[in-house]
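So you can see what is in the structure, the chains are spelled out below.
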Amino acid sequence: MTALSVCVAQVTAAGQAAQVWPRAAVIAAVVAVAATGYWALQAGVLRSRALVLAGIGLLGGVGVVVVVRSPGGLEHRLLEALSFVAITGALAFVVLRGPVGAALGFAIAVLAMCGSFFLQGASFLGAATMIVYAGATIIIFLFVLMFAQRSRLQPVDLRLVRPAAAAIIGAVVLAAVVFIVTAPGVFAESPDEAYRSLSRELNPSSYERVVGLGRAMLTDYLLTVELAGALLLVATVGAIAIAQRTADSSETSS
Amino acid sequence: MISTMLVFGAAIFVIGLVGFLTRGSLILMVLALETMLAGVIINLVAFSNFHNNYQGQVWAIMILTVAACEAAIALALIVSLYRRKPSLDAHEWAQLGESAVPPLEPVSLEVPAAPPPLPTLTPAGLDPLVDPQPLQVSDALAASTAPDAKHSQGAADV
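What counts, and where the lines are drawn
Residues numbered from 1 in each chain as written. Chains lettered and ligands numbered in written order. Predicted model: local features only at pLDDT ≥ 70, side-chain atom pairs only at ≥ 80, totals over all residues. Heavy atoms only, no water. Phe/Tyr/Trp six-rings, centres within 6.5 Å; stacked < 30°, edge-to-face > 60°. Helix = DSSP H or I, 4+ residues; strand = E, 2+ residues; numbered from the N terminus. Buried < 20%, exposed > 50% of the residue type's maximum accessible area, 1.4 Å probe, protein only. Lys NZ or Arg CZ within 6 Å of the ring centre and 35° of its normal. Polar contact = N/O pair within 3.5 Å; in protein donor to acceptor, adjacent residues only side chain to side chain. Contact = heavy atoms within 4.5 Å.

## Observations concerning the packing of aromatic side chains
Move 1: Enumeration over the complete set of coordinates arrives at three aromatic pairs over all chains.
Move 2: With a centroid separation of 6.2 Å and 80° between ring planes, the pair formed by A:Phe106 and A:Tyr133 is classed as edge-to-face. Separated by 27 residues along the polypeptide, A:Phe106 in helix H5 (residues 99–119) and A:Tyr133 in helix H6 (residues 123–148) bring together distant segments of the chain. In this structure, A:Phe106 and A:Tyr133 share a single accessibility class: buried.
Move 3: Chaining the aromatic ring pairs together yields one cluster made of A:Phe93, A:Phe106 and A:Tyr133.
Move 4: Of note, B:Arg23 hangs over the ring of A:Phe93, and the distance from its end group to the ring centre comes to 5.9 Å.
Move 5: Seen from the ring of B:Trp93, B:Lys85 lies directly overhead, with NZ or CZ sitting 4.7 Å from the centre.

## Considering the side chain of B:Arg23
Move 1: One can find B:Arg23 in the loop between helix H1 (2–22) and helix H2 (26–51).
Move 2: A distance of 2.6 Å separates a polar atom in the side chain of B:Arg23 from the backbone oxygen of A:Phe93.
Move 3: Each residue touching B:Arg23, except ones within four places of it in the same chain, is listed here: A:Phe93, A:Val94, A:Val95, A:Leu96, A:Arg97, A:Ala102, A:Val161, B:Leu28 and B:Met29.

## Describing unusual backbone geometry
Move 1: Look at A:Arg162: it is not a glycine, yet its phi comes out positive at around 50°.
Move 2: By the secondary structure assignment, A:Arg162 is in the loop between helix H7 (155–158) and helix H8 (163–181).

Note that every value here comes from positions in space, so none of it alone points to a role or purpose.
As structure tokens, then:
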């Protein structure tokens, strides 16, 4: 306990010296409100449809305020708007009970994420993520859902596994990361650098950016690419081997 | 600003984490894992943009590869599990026993001090080391292995 008290004393002293408590309090309050709202919605405490719609409106209002008051240019505002759309899609994925609605919320989140990649100059990565994630992975999931999901919601869909503990864990992790990342001097860049044009040159055009990425992948990161290819081969063989219906398993299954 | 994108990435990651912890359906748990990987990819692209090089983007491509492989294997496993029991509930598989199989009896782990006596046969016949007997050949065998009857006519000539 003495070690804990020493840690608390040091953190308090550092906090008072660096004036972090207002920022920490704001972050903790926002995250606590979000976590409490999530828990109340999932645990069945919050049943009023009007309150849920008011919460959604509040989230949208916060998004609009952040985008309008952003000090950057149009690109930064678009980036923040896409971030809010992605967060809304992810929240829909977590909250919605039906698996198809949840998968569609995930698809919206991934598509907004790909939009943010295009705005940050990662053109190939945006296209590749859209093809692999929002294309292949989600379609595979929807196939398996169509194969395995009944038409009505099952008890497994309606029941939640300890939403209070999950909300607390998520709130602590999110508050810690946001607190560290939004510290004033963490990323040594001037405001001009911070709000520079996002599509500035790694290379003058999108085409040359993709060419540069390909060159880097095949020269600096060649071993990584080869290992990724080997991993894909192993995963393909493994998936086929696992999902094959062998003779004895089909006899013993009811 | 990069911190905006890092907060966005952290939010997506934490939402995926909460979804993984609270969901009970196997498919939605794997989708929550994919959401967590998406949050990491957002962070990597933000750092690639900040440092003005390709490291973050190459790493993000590798994470996409790993995510695709993981989704394929996970769904193959889910399909094989679904063939055993037509349910997507993760808690159905919490107990790995099967209800139709009777429980095993507890096995005693004691080791006997002396080995149990092995069964033996009563020996039949004479012990060749104790009572050696000359080799006795039957008359029929002696007659067949003597000089052959076919050659016996020519034996006198030879």
